[in-house]
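Commentary on secondary and tertiary structure
The primary structure of each chain is shown beneath.
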Amino acid sequence: MSLIDRLLQELFPEKDKGKSPIKEVLVREMIKRSQVFAQDYKVWKEQDMHLGLLAHVNENRHLRLANPDAQVNYFRYTHHLSNGFYFHGEDPWNSNDYQFFVQHLIDLLKGEEYRLNNATKEVVEENGQLKTVEHFYLKPGLKFRRERPYQQLFGNIEIEHRMVEEETNLVKLMAHVYQDRNFQEPLEFDDLMQKIFTS
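Residues numbered from 1 in each chain as written. Predicted model: local features only at pLDDT ≥ 70, side-chain atom pairs only at ≥ 80, totals over all residues. Heavy atoms only, no water.

Turning to the environment of Val171, a few remarks are in order. Here Val171 lies in strand 7 (residues 167-176). For Val171, a relative accessible area of 1% corresponds to the buried category. With 82 residues separating them along the chain, Val171 and Gly89 place their C-alpha atoms 7.4 Å apart. Look past the residues within four positions of Val171 in its chain and what remains in contact with it is Phe85, Tyr86, Phe87, Tyr98, Phe101, Val102, Glu160 and His161. (Helix = DSSP H or I, 4+ residues; strand = E, 2+ residues; numbered from the N terminus. Buried < 20%, exposed > 50% of the residue type's maximum accessible area, 1.4 Å probe, protein only. Contact = heavy atoms within 4.5 Å.)

This is how it looks when you write it as structure tokens:
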């Protein structure tokens, strides 16, 4: 099995023929960050803890761009309607770091005139393991919906943080754009990448 096949299988696992996994939804709720989270996140940013993680992911991004077959923990998705990237959690960072990293992305996008449209959390028990998915959906601010063709900025942004047994398994960001007469041309996805990795 090729590297791409393995990655696709990891992102979109096929159900076993003949038996389906035992899966029970334990929690499905809107995400509301606590004061403790907000304070810890503030300290994390003030101590520039995000810089090491950003630098590491950015280094892997450049290695992937230079060599699409590079064995690095950074993966791209490119399509005319969707662009994005994802990577797996790894040491020395823990799930708190990745939750704060996701919050950093959300704050950055809010600074680019996005609004958080939806934030949900689902916890399931599957084959004896706890799996958590935090899902955030951001859209351009309402002021961009006043007249047609609508300005869509970088498109609608989807951010996902997946954990298995409290450990980060995956962080993913996707930008989905429209290509019809109701919308202006989107901003370049590469410009969003530049903003993220120089923030």
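Right, let's talk about the sheet that holds strand 2 (residues 75-78) for a bit. Hydrogen bonds between backbone atoms are what pair the strands of a sheet, whose relative direction is either parallel or antiparallel. Here we have seven strands laid out as an open sheet, ordered 1-4-5-6-7-3-2, and antiparallel in their pairing. Strands at the two margins of the open sheet, each flanked by one partner only, are strand 1 (23-30) and strand 2. Within this sheet the neighbouring strands show an average axis-to-axis angle of 15 degrees, counted without direction. Relative to strand 4 (residues 114-126), strand 1 is paired through seven bridges, and the arrangement is antiparallel. If you follow Val27 over to strand 4, its bridge partner there is Val123. (Pairing = 2+ DSSP bridges. Axes fitted to C-alpha atoms, helices over the stretch in contact; angles between N-to-C directions.)

So, about the nonpolar core. Grouped together as the largest cluster of nonpolar side chains are 36 residues, with contacts concentrated most on Ile157, Ile159, Leu173, Leu192, Met193 and Ile196. Broken down by element, the residue count for this core peaks at eight residues, all from helix 4 (residues 95-111). Beyond its immediate sequence surroundings of up to four residues, Ile159 is in contact with Val102, Leu105, Ile106, Leu109, Glu134, His135, Phe136, Leu138, Lys172 and Leu173. (Core = buried A, V, L, I, M, F, W, Y, C linked by side-chain atoms within 4.5 Å.)

What follows deals with the pattern of salt bridges. Pairing is possible between side chains that carry opposite charge, provided their charged atoms lie close to one another. Enumeration according to the criterion identifies six salt bridges in this entry. Across the pair Arg28 and Glu122 runs a salt bridge whose closest N-O atoms are separated by 2.8 Å. With a gap of 94 residues between them, Arg28 in strand 1 and Glu122 in strand 4 connect regions that are remote in the sequence. Look at Arg28 and you get exposed, because its relative accessible area is 63%. Residue classification places Glu122 among the partly exposed residues on the basis of a relative accessible area of 25%. The residue Lys131 makes a salt bridge to Glu126 at a minimum N-O spacing of 3.9 Å. Taking relative accessible area as the criterion, Glu126 reaches 16% and is therefore assigned buried. (Salt bridge = Lys/Arg side-chain N within 4 Å of Asp/Glu carboxyl O.)

This part is about the side chain of Gln99. Its location among the elements puts Gln99 in helix 4. Dropping the residues within four chain positions of it, Gln99 is found in contact with Arg33, Phe37, Glu134, His161 and Met163.

Right, let's talk about the pairing of strand 5 (residues 129-140) for a bit. Sheet analysis places strand 4 next to strand 5, joined by twelve bridges and oriented antiparallel. What sits directly across from Leu116, in strand 5, is Leu138. Hairpin connection, strand 4 to strand 5: the antiparallel pair is bridged by two residues, and Asn127 has positive phi, about 50 degrees. In the sheet, strand 5 pairs with strand 6 (residues 156-164) via eight bridges, with the strands oriented antiparallel. Residue pairing across strands places Thr132 opposite Met163, the latter belonging to strand 6.

Before going further, it helps to examine helix 5 (residues 189-197). Of the residues making up helix 5, those classed as buried are Phe189, Leu192, Met193, Ile196 and Phe197. Along helix 5, the residues classed as buried sweep out an arc of 120 degrees about the axis, all on the same side. In this structure, the buried side of helix 5 is in contact with helix 3 (49-66), strand 3 (82-87), helix 4, strand 6 and strand 7. (Arc of directions from axis to C-beta.)

Next up on the list: helix 3. Taking 1.5 Å of rise per residue, the 18 residues of helix 3 would be expected to cover 26 Å, and the 27 Å separating its terminal C-alpha atoms lies within 8% of that figure. Listed in full, the buried residues belonging to helix 3 are His50, Leu53, Leu54, Val57, Asn58, Asn60, Arg61 and Arg64. Buried residues along helix 3 cover an arc of 160 degrees about the axis, so they all sit on one side. Where helix 3 is buried, its residues meet helix 2 (35-46), strand 2, strand 3, helix 4 and helix 5. (Expected span 1.5 Å × (residues − 1).)

All right, on to the packing of aromatic side chains then. If you walk through the whole model with that rule in mind, you get 13 aromatic pairs. With centroids separated by 6.4 Å and ring planes inclined at 10 degrees, the aromatic side chains of Phe37 and Tyr41 adopt a geometry described as stacked. Taken as a pair, Phe37 and Tyr41 lie in helix 2 at a separation of four residues, close to a single helical turn. Here Tyr41 falls in the buried class, since its relative accessible area comes to 10%. Aromatic side chains Phe85 and Phe87 sit 6.3 Å apart centroid to centroid with 10 degrees between the ring planes, which places their arrangement in the stacked category. Side by side, Phe85 and Phe87 carry an identical accessibility label, which is buried. Through a chain of ring-to-ring contacts, the aromatic side chains of Tyr74, Phe85, Phe87, Tyr98, Phe101 and Phe197 assemble into a single cluster. The cationic tip of Arg33 hangs over the ring face of Phe37; the distance from NZ or CZ to the ring centre is 4.3 Å. (Phe/Tyr/Trp six-rings, centres within 6.5 Å; stacked < 30°, edge-to-face > 60°. Lys NZ or Arg CZ within 6 Å of the ring centre and 35° of its normal.)

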